[in-house]
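Listed here are the chains, written in short residue letters.
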Amino acid sequence: MTSEDPNASQLRFDFLREEKPQRDVSKENIQADASDLAAIEKSALGEDANNLMEEIVDEVNMEMAWARVKANRGAPGPDGITVEDFPEWIVSRWQDVRRQLLDGTYRPDPVRRKTIAKPDGGTRELGIPNLLDRAIQTAIVLVLTPIFDPEFSESSFGYRPDRSAQDAARQVQKIIRSGRRRCVDMDLSKFFDRVQHDVLMARVSRKVHDKRLLKLIGRYLRAGVMVDGLCQPSEQGTMQGGPLSPLLSNIYLDELDKELERRGLPFVRYADDFVIFTKTEAAAQRVYASVERFLTKLKLIVNTDKSSIRKTDTLEYVGYEFRGFGGQLRVSRKKLKAFKDRVSEIFRRNRGVSMKQRYAEFRSYAIGWLGYFHLDQVKTTFSQLDKWLRRRVRACYWKQWKYPSQPIA
């Protein structure tokens with residue numbers, strides 16, 4: 001395959017290196033290329049931490065980074081360049097960008113702010129970087145993850161390779177079955193907005209000694225946000241929406257994990273939401289007060305409205321409820337309601353779309369939802385949903401039969 005091949009820009013990132021011959025990748029799955037990933041991890045762990053920038057701009061690493069960005073199919077950043085347009089746009093620019101990264105002179109662009117609604121009625125501010133910065137951030141994550149992740153706590157499950165919310169739910173169930181009957185359910189108030197840049201960079205620099213990379217991460221943190229055509233500075237926080245943010249958040253909160261482990265407290269943390277388990281109410285109250293004090297050292301604030309001390313059989317975590325002394329896993333009432341609300345909208349009788357389109361939308365939504373909540377241990381949960389769903393679908397058909405001019409499919 002040559003750099004002139006029109007399929008090259010769609011499959012690989014190393015088409016940017018026009019001076020190098022490129023191998024045929026027509027039968028390869030870039031995202032699942034375990035040999036390439038192993039090579040990167042081995043290189044990142046084995047090389048001097050002073051030369052990590054060379055690892056980041058490495059051809060194979062950038063291939064994998066672009067494959068991930070492309071697969072996510074995200075919205076464009078402030079520059080408006082789409083996933084389809086990016087390969088052609090970057091061809092003539094990559095060598096300059098690569099040189100700037102190696103020289104330590106590259107400056108990221110501000111991100112585009114996007115506000116989304118939260119299930120509890122609030123809002124969350126996201127920052128959407130340009131595709132170029134998304135690719136670079138992903139390349140950084142691919143190199144730094146094998147350096148930082150092995151030393152993260154076994155009780156941390158959010159945004160980590162080979163770990164999931166389901167694993168967190170299983171761990172909670174295991175702790176409950178060990179005899180812990182009380183828990184401290186803590187939520188951090190606007191965690192991603194309150195991260196202190198100096199504290200975070202001090203944590204990163206413990207393992208990363210490449211000054212170019214440290215400078216680049218700092219610039220990403222301070223890149224700013226575009227609001228109504230104006231750039232607003234970001235003096236603290238790590239904006240959600242960029243590929244680098246989850247890893248940085250785990251680095252920041254790793255000190256909390258280590259403190260809880262030092263105290264011998266069983267806990268589970270998923271991103272900024274964590275639960276600490278105790279045997280008695282009095283112990284839970286002491287833990288709540290002491291952890292709240294410790295978090296002030298990290299410049300973090302506990303969201304008292306969402307944090308509480310409760311019995312484990314009333315705990316709701318990562319979308320699951322835990323019932324009884326055995327911690328039986330159930331889909332939470334909130335998530336069941338959200339599912340019904342979404343499906344009701346899909347199968348709304350006066351929506352004016354064909355049943356074929358409704359089924360396609362439902363299938364796309366239901367596959368992800370059922371995959372997430374497959375741990376539910378009560379058969380009636382899904383059988384009752386099945387009965388409810390059939391009633392919704394029948395109502396759509398009855399509507400169309402009443403007005404035969406409308407197509408049934």
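Scroll up to find the structure this text is about.
Report on the accompanying structure. Here, residues in each chain are numbered from 1, in the same order as that chain's written sequence. Totals for whole chains, interfaces and linings use all residues, but because this is a predicted model, local features are given only for residues with pLDDT of at least 70 and pairs of side-chain atoms are given and counted only at 80 or more. Side-chain calculation: all heavy atoms of the structure are included, whereas hydrogens and water are not.

1. Some details on the sheet that holds strand S11 (residues 328-331)
To keep things clear, this is the line we draw: Strand pairing is defined by DSSP finding a minimum of two bridges between the two strands. Every helix listed is a DSSP run of H or I at least four residues long, and every strand listed is a run of E at least two residues long, numbered separately from the N terminus. In this analysis, two residues are considered to be in contact whenever any of their non-hydrogen atoms come within 4.5 Å of each other. A fitted line through C-alpha atoms serves as each axis, taken over the contacting stretch for helices, and the angle formed by two N-to-C directions is quoted from 0 to 180°.
What the 3 strands build is an open sheet, ordered S9-S10-S11; its pairing is antiparallel. Every interior strand has two partners, whereas the edge strands, strand S9 (316-317) and S11, have only one. Sheet topology note: the S9/strand S10 (residues 320-323) ladder contains 2 bridges and is antiparallel. In the sheet register, Glu 316 faces S10, and the bridge partner there is Glu 321. This element, helix H14 (residues 333-346), spans S9, S10 and S11 of the sheet and lies at about 30° to S11.

2. Brief notes about the nonpolar core
Going by this rule: As used in this record, nonpolar core signifies buried Ala, Val, Leu, Ile, Met, Phe, Trp, Tyr and Cys residues forming a set joined through side-chain atoms within 4.5 Å. Categorising residues by exposure relies on relative accessible area from a 1.4 Å probe, with only protein chains included: less than 20% of the type maximum marks a residue as buried, more than 50% marks it as exposed, and the intermediate range marks it as partly exposed.
Ranked by size, the top nonpolar core spans 68 residues in total, and within it Leu 144 and Ile 276 carry the most contacts. Among the elements that make up this core, the one with the highest residue count is helix H7 (residues 131-148) (12 residues). Look past the residues within four positions of Leu 144 in its chain and what remains in contact with it is Leu 52, Val 208, Leu 213, Ile 217 and Leu 247. By size, the runner-up hydrophobic cluster in this structure holds 33 residues, among which are Phe 277, Val 331, Val 343 and Phe 373.

3. Some remarks on a positive patch on the surface
Formally: A patch consists of residues exposed above 30% relative accessible area that lack any salt bridge, with like charges linked at up to 9 Å and nonpolar side chains (Val, Leu, Ile, Met, Phe, Trp, Tyr) linked at up to 5 Å. Computed with a 1.4 Å probe, the accessible areas rest on the Shrake-Rupley method; for each residue, only the protein chains presented here act as cover. Take a side-chain nitrogen of Lys or Arg and a carboxyl oxygen of Asp or Glu: if they are within 4 Å of each other, that pair is a salt bridge. Note that His is not counted, nor are the chain ends; the positive residues are Lys and Arg, and the negative ones are Asp and Glu. By convention, the charge on Lys lies at NZ, on Arg at CZ, on Asp at CG and on Glu at CD.
On the surface, a cluster of positive charge is made up of Lys 340, Lys 387, Arg 391 and Arg 394. In terms of residue count, the dominant contributor to the positive patch is helix H16 (residues 379-402) (3 residues). Within the secondary structure layout, Lys 387 lies in helix H16. On the accessibility criterion, Lys 387 (53% relative accessible area) is exposed.

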